[in-house]
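# Overview (structure and organization)
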Amino acid sequence: MAGILSKKNIKPLFIGFGKQAIQYAKVFDYLKIQITAVCVKDLQKNKKKLDEFKIKNRFNSLISALSSKSYNCIFVFLPWYIIEKKIILIIKNSKKIIFCEKPLALSYRKLIKIEKASNSFNKKLYILYNRRYYETLNFLKKNISKKYSIKITIPEKKNKIEKLLGSKIIGKIKFHYTSHWIDFFKFLFDSEVNKLEKEHNKYFFTLINHKKKFKIIVELFYSEDNSIKAVFKTKTKKYILNSLEKLYVQKLGSKKILINEYKQSIFKPGILKLINNITKSSLKDLNTIKKLKKDYFFLQKLPY
């Protein structure tokens with residue numbers, strides 16, 4: 001892998017060119033990395049966007065795109081409900097490394113099928129959880145420990161999400177949205193989900209760090225109010241993570257913001273650092289099916 005995806009040598013094929021793909025395209029453009037190929041359903045409809053990024057090789061057939069010699073890695077940016085329907089075909093028809101937007105699958109059973117295909121074709125496949133590259137996460141990794149009093153709550157807004165994405169999201173919110181929050185805290189504490197328990201209308205994830213032998217409880221409930229909140233409390237101060245994008249410190253009664261992810265970069269939070277790591281062939285922080293499978297095993301037990 002060393003050097004294969006350096007800034008000089010990387011030749012990405014984008015499959016899909018919607019809003020999320022545009023965010024990545026802006027980062028590639030900033031880094032002076034040319035997107036060498038794209039595959040979209042309607043070339044004419046996307047012409048203006050493709051012209052803007054000067055993409056030369058354009059396909060409206062997935063097989064034609066995958067069969068071409070114009071690329072050396074694949075970035076999948078299909079709509080959230082389409083990825084699981086196309087990813088196995090992509091795995092089977094290209095020998096190149098794949099970086100896929102989430103959700104990779106919308107059920108535990110489908111994820112297992114994708115894993116089998118990936119193993120059968122000896123395919124390197126990574127899932128793009130850009131929140132793993134937040135400055136908030138980096139700061140907290142360095143400044144908190146198991147000695148802290150930690151409370152994490154996630155109020156998942158199922159009604160708001162259904163209104164945004166339609167009724168087809170019901171029953172799949174856990175794989176499309178909840179998986180983001182769990183992954184963030186799991187990665188923060190270098191842990192894995194060990195248990196999921198229900199108490200009344202709340203769900204409690206137990207995250208276990210086996211190396212340092214401590215556990216963290218993440219409380220999830222369905223509510224249209226409030227936002228994700230994590231409080232890390234010491235004797236003298238508190239770190240407060242309000243949503244995953246804003247970190248505050250509270251000391252002696254005063255509260256001030258430490259990190260606002262939206263002001264860390266001109267790009268969507270986390271993406272610049274993520275791409276920089278890929279072009280340095282540093283893939284250890286990227287999510288894989290093997291790790292995601294453990295999350296999905298527990299996530300499938302949630303109702304929405």
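This text follows the structure it describes.
What comes next is a walk through the structure. Just so you know, these numbers come straight off a predicted model, no measurement behind them.

Bringing unusual backbone geometry into the picture now. Going from Lys102 to Pro103, the amide bond is cis rather than trans, its omega being 0°. With respect to the secondary-structure elements, Pro103 resides in the loop between strand S5 (97–100) and helix H5 (108–120). Despite not being glycine, Asp190 has its phi angle at roughly 50°, a positive value. Summarising the element assignment, Asp190 is placed in the loop between helix H8 (173–188) and strand S8 (192–199). Overall, Asp190 belongs to the partly exposed group, its relative accessible area being 46%. A positive phi angle, close to 55°, is found at Lys213, a residue other than glycine. For Lys213, the position within the fold is in the loop between strand S9 (202–209) and strand S10 (214–222). You can call Lys213 exposed: its relative accessible area is 72%.

Residues Ile97 and Phe99 point to one face of S5 and Ile98 and Cys100 to the other, with burial holding for every one of them. For strand S4 (residues 73–76) and S5, the ladder comprises four bridges, and the chain directions are parallel. Directly across from Phe75, in S5, lies its bridge partner Phe99. Since S4 and S5 lie parallel, the crossover through helix H4 (residues 83–92) that links them has a hand, and here it is right-handed. Here S5 pairs with strand S6 (residues 125–127) via three bridges, running parallel. By the bridge assignment, Cys100 is partnered in S6 with Ile127.

Time to look at a positive patch on the surface. Taken together, the side chains of Lys41, Lys85, Lys86, Lys168 and Lys172 present a region of like positive charge at the surface. Position of Lys86 relative to the elements: it lies in helix H4. You can call Lys86 partly exposed: its relative accessible area is 37%.

In this model H5 runs 18 Å from its N-terminal to its C-terminal C-alpha over 13 residues, within 8% of the 18 Å that 1.5 Å per residue would give. Taken as a whole, H5 has its buried residues at Leu111, Ile114, Glu115, Ala117 and Ser118. End-on, the buried residues of H5 take up no more than an arc of 165°, which puts them together on one face. Those residues of H5 that are exposed and angled more than 90 degrees off the buried face are Arg109, Lys116, Asn119 and Ser120. Where the residues of H5 are buried, they touch H4, S6 and helix H10 (289–299).

The subject of this paragraph is the sheet that holds strand S1 (residues 12–15). Read across the sheet, six strands follow the order S3-S2-S1-S4-S5-S6 without closing on themselves; strand pairing throughout is parallel. The sheet terminates laterally at strand S3 (57–59) and S6, the two strands that pair on one side only. With strand direction ignored, the average angle separating the axes of adjacent strands in the sheet is 15°. Relative to S4, S1 is paired through four bridges, and the arrangement is parallel. In the sheet register, Phe14 faces S4, and the bridge partner there is Phe75. Set on the sheet, H4 makes contact with S1, S4, S5 and S6; between it and S5 the angle comes to about 170°.

When its volume is computed, the largest pocket comes out at roughly 1,700 Å³. Together, 48 residues line the largest pocket, and Lys19, Gln20, Trp80, Leu165 and His176 are the ones closest to its centre. For the lining of the largest pocket, the secondary-structure elements that each account for two or more residues are helix H1 (19–30), strand S7 (149–156), helix H7 (158–165) and H8. Grouping the constituent residues of the lining of the largest pocket by class yields 23 nonpolar, 11 polar and 14 charged. Volume-wise, the second largest pocket comes out at about 440 Å³. In terms of lining residues, the second largest pocket is bounded by 18 residues, among which Lys186, Asp190, Ser191, Glu192 and Lys291 are the most central. Listing elements by their share of the lining of the second largest pocket, those giving two or more residues are H8, S8, S9 and H10. No other element matches the four residues that H10 contributes to the lining of the second largest pocket. Its residues assigned to classes, the lining of the second largest pocket comprises three nonpolar, three polar and 12 charged.

Before going further, it helps to examine the sheet that holds strand S14 (residues 254–260). Across the sheet, which stays open at both edges, the eight strands sit in the order S8-S9-S10-S7-S11-S12-S13-S14 with mixed pairing between neighbours. Lying at the two open borders of the sheet, with one neighbouring strand each, are S8 and S14. This sheet shows a mean twist of 20° between the axes of neighbouring strands, independent of strand direction. With five bridges joining them, strand S11 (residues 229–233) and strand S12 (residues 237–242) adopt antiparallel strand pairing. In the strand pairing of S12, Val231 is matched with Ile240. Along the sheet, H8 makes contact with S7, S8, S9, S10, S11 and S12, crossing S7 at roughly 170°. Those strands touched by H10 are S8 and S9, and its axis lies near 10° from that of S8.

Conventions adopted
- Residues numbered from 1 in each chain as written.
- Predicted model: local features only at pLDDT ≥ 70, side-chain atom pairs only at ≥ 80, totals over all residues.
- Heavy atoms only, no water.
- Helix = DSSP H or I, 4+ residues; strand = E, 2+ residues; numbered from the N terminus.
- Buried < 20%, exposed > 50% of the residue type's maximum accessible area, 1.4 Å probe, protein only.
- Pairing = 2+ DSSP bridges.
- Right-handed = clockwise from strand over helix to strand, strands pointing away.
- Patch = residues over 30% accessible without salt bridge, like charges linked within 9 Å, V, L, I, M, F, W, Y side chains within 5 Å.
- Areas by Shrake-Rupley, 256 points an atom, 1.4 Å probe, with all protein chains shown as cover.
- Salt bridge = Lys/Arg side-chain N within 4 Å of Asp/Glu carboxyl O.
- Lys, Arg positive; Asp, Glu negative; His and termini not counted.
- Charge placed at Lys NZ, Arg CZ, Asp CG, Glu CD.
- Expected span 1.5 Å × (residues − 1).
- Arc of directions from axis to C-beta.
- Contact = heavy atoms within 4.5 Å.
- Axes fitted to C-alpha atoms, helices over the stretch in contact; angles between N-to-C directions.
- 1 Å grid on protein atoms, 1.4 Å probe; cavity = no way out; pocket = protein on both sides within 12 Å on 5 of 7 lines; lining within 4 Å.
- Points joined across faces, edges and corners; volume = space filled by probe spheres on them.
- Nonpolar A, V, L, I, M, F, W, Y, C, P; charged D, E, K, R; others polar.

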